[in-house]
Amino acid sequence: MSGEVLGIDVGGSSVKAGLVDVQQGKVIGTLISAPTPRPCTPASLIPVLVALAGRLGGDRGRIGVAFPSVIKGGTAFTAANIDHSWIGANGASLAAEALGRPVLMLNDADAAGLAEMRFGSGRDCSGTVIMLTFGTGIGTALFTGGQLFANTELGHLELRGMDAEKWASAQTRTVAGLDFPGWIARVNEYLAALHALLWPDVFILGGAVSEHFDEFAPLLRSAAEIRPARFAGHAGTVGAALAAAQDLAP
Ligand code: BGC
């Protein structure tokens, strides 16, 4: 694994990109971003990836793209928070063709988890770890013995008769106008449901909202240890670059 690798994270509201020092797990310079196109279809997103990569330059090496969908062999299999035209589309091939560079695509939460397990809050964890990203939806990454079990999609576990992410995502907190006690009560219920099924040793809480971890941490309850993500909002970008550097194609 060597050098600087371009990582891109496709989120619900913005697409973030950065050159990542994959030996140190650090973004070189600052992340740049562009609004996520609406609708976010293959045709509207690919030019955004090309523009961001063009602004960052770098070598002609492989690019890692974190994407909010089940991804296998570069193809998207689900589309909970993006346009349905993604289902069956091979985003990695489309992006590689447009960029003229090899592209590795993986689930966004898996990417974030890889960054946290290698350089962040999960560094010393050899047991079972669940990384959670709270954003437009809830992304999950499951690790045991340091190995990723890809594409877990536990944000779609049923809670209160609905997808857990509709009940407890950061977006739901904003839309429903929940304060931290109101939202954390929902998060605690979700953590309990996950714990009952998978018995993790550690939960890592990520997404931009984890920047406020100190404010809501006293309200969190779980039988597992709960840690804040170290990379907060840019774990996906760092993890995408790491996956590309190691050629960890799911
Ligand atoms: C998607 C996941 C994604 C998560 C976070 C969910 O709606 O199904 O694939 O990881 O949102 O973006």
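See above for the structure.
The following paragraphs examine the structure supplied in this document. Since this is a predicted model, take the numbers as computed values, not measurements.

## Structural notes on the sheet that holds strand β9 (residues 138-144)
- The strand order across the open sheet formed by five strands is β10-β9-β8-β13-β14, and the pairing between neighbours is mixed. Two strands in the sheet have a free side with no partner beyond their single neighbour: β10 (147-149) and β14 (225-228). Strand-to-strand twist in this sheet, taken as the mean axis angle between neighbours without regard to direction, amounts to 25°.
- Across four bridges, strand β13 (residues 202-206) lies against β14 in parallel orientation. Note on β14: the bridge partner recorded for leucine 205 is proline 228.
- Taken strand by strand, helix α3 (residues 108-119) contacts β8 (128-134), β9, β10 and β13, and its axis lies near 50° from that of β9.
- Where helix α6 (residues 180-198) meets the sheet, it contacts β8, β9, β13 and β14, and its direction lies at approximately 150° from that of β8.

## Some details on the site of the ligand
- Every residue near the ligand is listed here: Pro68, Ser69, Ala80, Asn81, Asn107, Asp108, Ile138, Gly139, Glu153, His156 and Glu165.
- For the ligand, an oxygen atom lies 2.7 Å from a polar atom in the side chain of histidine 156.
- Computed on the free molecule, the ligand has an accessible area of 310 Å², of which 93% lies beneath the protein chains in the complex.
- Classifying every residue of the shell around the ligand by side-chain character gives three nonpolar, five polar and three charged.
- Both domain 1 (4-110 + 234-246) and domain 2 (123-229) contribute no fewer than three residues apiece to the shell around the ligand.

## Quick word on the pattern of salt bridges
- Summed over the entire model, instances satisfying the criterion amount to four salt bridges.
- Notably, a salt bridge pairs arginine 62 with aspartate 247, separated by 3.7 Å at the nearest N-O pair. Placement of arginine 62 in the loop between α1 (42-56) and β4 (63-67) and of aspartate 247 in the segment after α8 (235-246) is noted, with a sequence separation of 185 residues between them.
- Overall, the relative accessible area of 44% leaves aspartate 247 in the partly exposed class.
- Salt bridges here are not isolated pairs; linked through shared partners, they connect Asp124, Glu225 and Arg227.

The rules behind the values
Residue positions are given per chain, counting from 1 as you read along its sequence in written order. Side-chain atom pairs in this predicted model are given and counted only at pLDDT of 80 or more, local residue features only at pLDDT of at least 70, and totals for whole chains, interfaces and linings cover all residues. The side-chain values count all of the structure's non-hydrogen atoms but skip hydrogen atoms and water molecules. For two strands to be treated as a pair, DSSP must find no fewer than two bridges joining them. For helices the rule is a DSSP run of H or I covering at least 4 residues; for strands it is a run of E covering at least 2, with both sets numbered from the N terminus onward. Where helices are involved, their axes are fitted lines through C-alpha atoms of the stretch in contact, as for all axes, and angles between N-to-C directions lie from 0 to 180°. For this analysis, residues touch if any pair of their heavy atoms sits within 4.5 Å. The near set for a molecule or strand comprises every residue that places at least one heavy atom within 4 Å of it. Polar contact is the term for a pair of N or O atoms within 3.5 Å; when the atoms are in protein, one must be able to donate a hydrogen and the other to accept it, and sequence-neighboring residues count only if both atoms are side-chain atoms. Areas reported as accessible are Shrake-Rupley estimates using a 1.4 Å probe. Residue values count occlusion only from the protein chains shown. Note that Gly is not counted as nonpolar here; it falls among the polar residues with everything else outside the nonpolar set of Ala, Val, Leu, Ile, Met, Phe, Trp, Tyr, Cys and Pro and the charged set of Asp, Glu, Lys and Arg. Domains are outlined according to an automatic or database domain assignment. One side-chain nitrogen of Lys or Arg within 4 Å of one carboxyl oxygen of Asp or Glu is enough to make a salt bridge. Whether a residue is buried, partly exposed or exposed follows from its accessible area with a 1.4 Å probe, protein chains only, as a fraction of its type maximum: under 20%, in between, or over 50%, in that order.

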